[in-house]
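Structure at a glance
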Amino acid sequence: MMDQSSHAFTKTSILPKPVAPSGTLAQYIHCLRASFGHSLTLMLRRQRIIFAAVITFLPVVIPLAIAFFSDSQFARSGMDVFSKMAGEAHINTLAPLLALFFATMIIGEDVESRTIPLMLTRPMPRSAWVFGRFGAYLMVSTAILGTSMLLTFGASTALSDLAFDRDGLEKLFTYELAMLLALMANGALALFLGAVTKRPIIIGLIFLYGWQRLATFVPGVVDFLTIMKYTTEMLPVALESTNQVVREEILEFKKQQYLVGASKAAITLLGITAVLLGGSVVVVRIREYATDRAAGT
Amino acid sequence: MPVYTRSYRNYEGTFRRRGRWMLIVEQELRILVKGKIFQFLCLGAFLHWLLRLFQVVAYDVIMQDPNHPMAAMLQQAKFLTVNETAFFDFLRIQAPMVFLICLLAGSGMICNDVRNNLMEVYFSKPITWRDYALGKLLSLVFVGLGFTALPAIVLVVIHNLLAPGWETLTTTIWWPVEIAAFSLVIVLPFALGILACSAVMQSQNYAGITAFMILVANGVIAALLAGFLQEENYLLLSYPMSLDRIGQAIFHQPNPVFNLGWGWPMAFVAMVCLLCSVIITRVVRRAECAP
Amino acid sequence: MSTIISAKNVSKWFGEVVALNDLNVEIETGVTGLLGANGAGKSTFIKLALGLYRPSRGSVTVFGESPRNNAAVLRRIGYCPELDTFYDNMTGYEYVYWLSRYWGMSAKHAQVAAEQACDRVGMTERMDDPIEEYSKGMRQRIKIAQALSTDPDLLFLDEPMAGLDPQGREEMFSLIRELGDNGYSVVVSSHILYEVERVTDNVVLLFQGSIMAHGKVREIRSLIDAHPHTIHVDCSAPRILATHFVQDESVLHLDFEGESRLVIRTKDPNACYARINAAALEPDVEVTRIHCADDSLQAVFDYLVK
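Definitions and limits used
The residue count restarts for each chain, going from 1 along the sequence in the order it is written. Labels are handed out in written order, letters beginning with A for the chains and numbers beginning with 1 for the ligands. Local features in a predicted model are, by the rule used here, given only for residues with pLDDT of at least 70; side-chain atom pairs are given and counted only at 80 or more, and totals for whole chains, interfaces and linings are based on all residues. Elements are defined by DSSP. Helices are runs of H or I of four residues or more, strands are runs of E of two residues or more, and each kind is numbered from the N terminus. Backbone-placed C-beta atoms define the burial measure: a residue is buried with 20 or more other C-beta atoms within 10 Å of its own, exposed with 12 or fewer, and partly exposed in between. By the convention adopted here, residues are in contact when the distance between their C-beta atoms, placed from the backbone, does not exceed 7 Å. Residues were grouped as follows: Ala, Val, Leu, Ile, Met, Phe, Trp, Tyr, Cys and Pro as nonpolar; Asp, Glu, Lys and Arg as charged; and all remaining residues, including Gly, as polar. Interaxial angles span 0 to 180 degrees and are taken between N-to-C directions of axes, which are lines fitted to C-alpha atoms, for helices over the stretch in contact. For this classification, under 35 degrees means roughly parallel, over 145 means roughly antiparallel, 65 to 115 means roughly perpendicular, and everything else is oblique. Left-handed is the label given to a crossing in which the near helix is rotated counterclockwise from the far helix by less than a right angle, and right-handed is the label when the rotation is clockwise. Expected span of a helix: the number of residues minus one, times 1.5 Å. For each domain, the first and last residues come from an automatic or database assignment. The criterion for strand pairing is that DSSP finds at least two bridges linking the strands in question.

Details of the overall build of chain C
- Per the secondary structure count, chain C includes eleven helices and 13 strands.
- For the C-alpha atoms alone, the extent of chain C along its principal axes is close to 75 × 45 × 35 Å.
- Sorting the 306 residues of chain C into buried and exposed places 44% on the buried side.
- In chain C, 65% of the contacts between residues at least 6 apart in sequence involve partners at least 24 apart.

Below you can see the structure in the form of C-alpha cells.
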C-alpha cells in the first residue's frame, strides 16, 4: 500500500484552505453538532411538524371535555384521567407514532431524496451522523410530546384529586421520564428500520401496532419481545390499578403476567436504545446506499 | 405500405375514448405485485382465508351427517357456524390487512409521481385528470376488494356447493351483495384517505405515517372520550368503529353497544370520502393545469 | 505525476448485473475524463472511488488508502453527483453551508467557505433563494459549489455538463481547466467525447464495465481515423454521384440502397465530404441528406470492440 504522504500536492488553492478542528474528539463533536443542527433545522422548517404537533396535542382536550361536558365529572379523579391519558395515549400510542413519523426518516429521508451519497462522502464518523440526527429527533419529539403531557396534566387539574403540588409533580415527572424512554427506544427502533429497509413505515406499523398488541395476548413471555411491555412497566398505574380480582382473572383466563419492575424496565429500554442505535451505525457503515445502482436496472 | 414524407410518424391507431383509467390501474397493479412486502401481506390474508375455508368445509361436511361424532360439538360452538356473522367477522379481520396494503400501494401513488415529474408525462398524453385520479383510486379499490369481497364471495359459493339442496342458496342469496357492500365501505374510504395523504405530502413514507397517525389519533380520542364521558356513542367518532357499525347494519348483526343507528356513521364515512375526494381532485387538477 | 486512484482487478456486480468487470486502471494527478456510453460503469467506478460501494472483487485505493468509511481520504475528496440531490426548503447557500459543516468546519468557517464557493461558481446573487426556484444550470453550479467549498485535492464531477446551456458549458469547461491548471485533480465523467476533449487530453474509456482504452484523446482519434467510416448520402442520382468516388483510393466500398441512397465506406472521411460537396453543386445530383454513423462515441466503442 502506498504511503499517503507520497500523494502530497503542489496545488494552488482557488478557495481558502478549510480548517478542520484538530484532535479526534473535537472533530467528532463538530460533526455531531453539524448533524444535530442540520437535522433540527430541517425538522423545524417543515410544515409536517405542525401536523404532528396537532395530533400530539389532541389528548389535552380530553380532560377539559370531561371537566366541562361530563355529567359525572366529580366522580372522575384528575389523577386517574391523567394517568390513563399519559399511559395509553402519550406513552403507548403517541410516542411510537412520533418515532415512526420522525425517526424512520432520519436516514430514510436521505435515501428517499438521494442525498445520502453526499452524506457518506463527508469525512465524518458515521456514528456522529447517526447520533446527531437521533438527538435532533429526540429533542423535537420530547418537546412536542412532553409539552402535550404537561398541558394534559394542567388540564386534568381542573378535575378533583390532582394539583400542581409535590405529589402531582412527582407523578408528572415519572410519566415524563417514561415518555422520554419510550421515545428513545421506539425512536431507535424506527431509526434502525429506516437504516435497514426501504419501507420502514409499513414494517414499523406491523411491529409497533401489530406485533406489540398481539404479543400482550399471547401466553407466556412473548411480550418481553416488545417495547410496550417495558414502557408500561415504567408506569405506576400499571401496578396500582390492577386489583387482585382483575389480576386473578387475567391469570386464569388470559395469560400469566410476568412483571419486571420500573427500574429494570428503564434499564431495558436504555439497553434497547443502545443496541438499536449501535445496530444502525453498523448498518450505515456496511450498507451500500447509493440509489442508482447499475445502469439499466 | 404507406410512403412517409417525414422522418416521424403520427400514431395511426384510434385513440381509446373510454376506459383510459384502466391503463393506470394496470400499471399500478403491475408495480405492486412485484413488491416483497405485498407478497408477504398477501400470504397473511391468504392464511386467514384458508382458515375460513377450513371452517366452511368442516361445518358443511359435518353438519350434513347428524351421526358424525363432532356434530353435537359443532352445534355448541356457535363461532364455527357459517352464517352472516362469520362473513362479517371475516371482513372485519381483513380490514387491517386492507389498510396496510392500501398504505403500501397508495402512499406513494401521487407524491412519487409529483416528485419524479411523472404528472407532466401523464398529462402530456391523452389522459385527463379524471382518468388519472380514477385509475389510481380504482387500482387500490380492486386490490382491496381482492382481499375482502372476492375471497368472501368464493367462500359463499363453496358453502353453497357443499350444502345439500337449494335451501342454503335461498338463505345466502343476498350474502354476496352484503359482502360486496361492506367490502366497498371498508376499501373505498381507506383508498381515498391514503390517496389524499399521498396528494398532500411530498414523501411516500410521510404520507403513509400521516394516514396512520390520523387513524390512530382518531381511535384513541374516541375511545378515551367514550370512556371518560361514559357515553358509548362517542366511540362512533372512531373511524374503524363507524365502519363496524355500518357492517353490523348490513349483516343484520345485533348491536349491544350503540343507541345510534347506522345513518350517522354512514354520514361520517361519506363526509371523509368527500373531503378526501376534494383534496385529491384539487392536487391532481393543479398538476394538470400547471404551466 | 503520481497515481491518485488505483483500481486492481476490480469487479462490481449488483445481483446478476455486472457493472464493472475486472478493471485495472491507475489514474494520475491532473484532469482525467471518464468516457463511456450510458451503463458503461462510469458512475459505479466513481462511487467505488468515493467509498460508496465496496468492490465485489479486487481493490480500489485513493491516495493509497481504501476510501470506504475513511475520513482521512474523504477529507481530500469533493463530489458533484450526477443527480439533483437537494434537501427541501433550503437555499443554495444553506446547502453549501451545511455540507461544509459536515466536512468538519466550524460554523464561522463554513459561512465563509459557503459564500466564497457560491461566489466562485457565480451564484452569489441567487444563493439566498430556495433551491426549488433554481434552473437546471443553477442547480448544477450549486452542486459544484458544495464540492469546491472544502477545497479538495481530488474532485469527482459526474456528468457536470448535463443540462447546462452553451454558456454554462463554457463556464464549466473553463472552471475545470482552471482547477487542472492550479494542480487540482479532477475526474470528469461524460458520454460525450467532445466535452471531455475540451477539458483534458487524458481519458479512460469504459465499455460495458471494462476498460476499452486509457490514454490521450488524440491516440483514440487516430484509432478512429484509421478505421473506415461509413457515410450515407441521400440524393436524386446516386449512380452519378458514385462516379466521383470510383477513382478515389481512400474509398473502399460503394453500395446503393434503393433508388436514392449511396453508401460510401472510406478511410479518409474529410476528403470524402469535400467530394460530396463538390458533387452537390452539379445540377443532376440533388443531395438531400448526408449522415455519418461513425461520429458518435458509440462508434468508437464499436471499433474498439470489433
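Observations concerning the interface of chain C and chain A
- At the interface, 53 residues of chain C touch 49 residues of chain A.
- For the side of chain C that touches chain A, the secondary structure elements donating two or more residues are β1 (3-14), β2 (17-28), α1 (42-50), α2 (71-74), β5 (77-80), α3 (92-103), α4 (107-120) and α6 (166-181) of chain C.
- If one sorts the elements of the side of chain C that touches chain A by residue count, α4(C) sits on top with six residues.
- In the side of chain C that touches chain A, the residues fall into 27 nonpolar, 17 polar and nine charged.

A look at the packing of helix α4 (residues 78-103) of chain A against helix α8 (residues 166-196) of chain A
Residue and element names in this part refer to chain A.
- Where α4 meets α8, the closest approach of the two axes is 8 Å, and the angle between their N-to-C directions is 30°. Between α4 and α8, the angle falls in the class roughly parallel. For the element pair α4 and α8, the recorded crossing hand is right-handed. Between α4 and α8, the contacting residues are A86, H90, I91, A95, P96, L98, A99, L100 and A103 on the first element and Y175, A178, M179, A182, L183, N186, G187, L189, A190, L191 and G194 on the second.

Comments concerning helix α2 (residues 36-63) of chain B
All names here are of chain B.
- If you check α2, its first and last C-alpha atoms are 40 Å apart, about what 28 residues at 1.5 Å a residue would give, namely 40 Å.
- All of the buried residues along α2 are L41, A45, R52, V56 and Y59.
- Of the surrounding elements, those touching the buried residues of α2 are α3 (71-76), α4 (84-106), α7 (129-147) and α8 (149-162).

What to know about the domain arrangement of chain C
- Along its sequence, chain C is carved into domain 1 (3-223) and domain 2 (227-305).
- Relative placement of domain 1 of chain C and domain 2 of chain C: their C-alpha centres are 39 Å apart.

Digging into unusual backbone geometry
Residue and element names in this part refer to chain C.
- Its identity as a non-glycine residue notwithstanding, N9 has a phi of 50°, on the positive side.
- Relative to the helices and strands, N9 is located in strand β1.
- We classify N9 as exposed; it has 11 C-beta atoms within 10 Å.
- One non-glycine residue, N89, lies in the positive phi region at around 55°.
- Assignment of secondary structure puts N89 in the loop between β5 and α3.

Digging into the interface of chain B and chain A
- Counting from both sides, the interface comprises 21 residues of chain B and, opposite them, 27 residues of chain A.
- Those elements that provide at least two residues to the side of chain B that touches chain A are α4 and α11 (204-229) of chain B.
- With 15 residues, α11(B) is the single largest residue contributor to the side of chain B that touches chain A.
- Grouping the constituent residues of the side of chain B that touches chain A by class yields 16 nonpolar, five polar and no charged.

Structural notes on the pairing of strand β13 (residues 287-292) of chain C
All names here are of chain C.
- Counting buried residues along β13, only zero of its six residues qualify, which leaves the element largely exposed.
- The pairing of strand β10 (residues 229-235) with β13 spans five bridges and is antiparallel. Its bridge partner lying in β13, H232 is registered against H291.

Topic: the environment of A:I202
All names here are of chain A.
- Tracing the sequence through the fold places I202 in helix α9 (residues 200-215).
- Owing to 25 C-beta atoms within 10 Å, I202 belongs among the buried residues under this scheme.
- For I202 and L100, which are 102 residues apart along the polypeptide, the C-alpha to C-alpha distance reads 9.7 Å.

A few points about the environment of C:G137
All names here are of chain C.
- Along the polypeptide, G137 turns up in helix α5 (residues 136-148).
- Along the chain, G137 and V10 lie 127 residues apart, while their C-alpha atoms are 34 Å from each other.
- Leave out the neighbours within four places in its chain, and G137 touches G163, L164, D165 and G168.

Regarding the pairing of strand β8 (residues 202-207) of chain C
Residue and element names in this part refer to chain C.
- Here β8 lies mainly inside the structure; five of its six residues are buried.
- Of the pairings in the sheet, the one linking strand β3 (residues 31-36) to β8 comprises four bridges and is parallel in character. Directly across from G33, in β8, lies its bridge partner V203.
- Where β8 and strand β9 (residues 210-216) come together, six bridges link them in antiparallel fashion.

Observations regarding the sheet that holds β1(C)
All names here are of chain C.
- Spatial ordering of the open sheet is given by β2-β1-β4, a layout of three strands whose pairing is antiparallel. Each end of this open sheet is capped by a strand with a single partner; those strands are β2 and β4 (57-62). For this sheet, the mean inter-axis angle between neighbouring strands, taken without regard to orientation, is 20°.
- Note: β1 against β4, five bridges, orientation antiparallel. Bridged to A7 within β4 is V60.
- Contacts between α1 and the sheet are confined to β1, β2 and β4, with β1 contributing the most and set at about 115° to the helix.

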